[in-house]
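# Understanding the architecture of this molecule
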Amino acid sequence: MAQKRMFDKRITDSDKFIDLPNSTKALYFMAGMNADDRGFFQPRRLQKECGFTDDDYKILIAKKFFIAFESGVMVITDW
């Protein structure tokens, strides 16, 4: 797994991202730091460690920043 991560300013400076609640933005960054090189991560681990809510995940899924799979794994669509 990579030890360094970069986030694209075209995403983090977009109106779509800026309009997110602060807790949802924090989730996006924490997921990015914990994801594997293809963007997959375990959402429940982050929820337990950092206290993110189901609503934070639902917002990022609705805005198409995350894709959720039936297995419980999620993937970040854009970094």
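This text follows the structure it describes.
Keep in mind that what you see is a predicted model, and the values were worked out from it rather than measured. (Residues numbered from 1 in each chain as written. Predicted model: local features only at pLDDT ≥ 70, side-chain atom pairs only at ≥ 80, totals over all residues. Heavy atoms only, no water.)

### Focus: the packing of aromatic side chains
Evaluated as defined, the whole model comprises 10 aromatic pairs. Ring geometry for Phe 7 and Phe 29: centres 4.8 Å apart, planes at 85 degrees, overall edge-to-face. In this pair, Phe 7 sits in the segment before helix 1 (9-12) while Phe 29 sits in helix 3 (residues 22-34), placing the two residues 22 residues apart along the sequence. According to the relative accessible area criterion, Phe 7 is partly exposed, its value standing at 21%. Residue class for Phe 29 comes out partly exposed when judged on its relative accessible area of 31%. Put simply, the rings of Phe 7, Phe 17, Tyr 28, Phe 29, Phe 41, Phe 65 and Phe 66 pair up and form one aromatic cluster. Directly above the ring of Phe 65 sits Lys 16, whose terminal nitrogen or CZ lies 4.8 Å from the centroid. (Phe/Tyr/Trp six-rings, centres within 6.5 Å; stacked < 30°, edge-to-face > 60°. Helix = DSSP H or I, 4+ residues; strand = E, 2+ residues; numbered from the N terminus. Buried < 20%, exposed > 50% of the residue type's maximum accessible area, 1.4 Å probe, protein only. Lys NZ or Arg CZ within 6 Å of the ring centre and 35° of its normal.)

### Some points on the environment of Asp 15
Note that Asp 15 resides in helix 2 (residues 15-18). A relative accessible area of 59% means that Asp 15 is categorised as exposed. Along the chain, Asp 15 and Asp 56 lie 41 residues apart, while their C-alpha atoms are 17 Å from each other.

### Observations concerning the sheet that holds strand 1 (residues 40-41)
Strand order in the open sheet formed by 3 strands is 1-3-2, and the pairing between neighbours is antiparallel. Two strands lie at the open edges of the sheet, namely strand 1 and strand 2 (66-68), each paired on one side alone. The sheet strands contacting helix 5 (residues 54-62) are strand 1, strand 2 and strand 3 (74-76), and the helix crosses strand 2 at an angle near 105 degrees. (Pairing = 2+ DSSP bridges. Contact = heavy atoms within 4.5 Å. Axes fitted to C-alpha atoms, helices over the stretch in contact; angles between N-to-C directions.)

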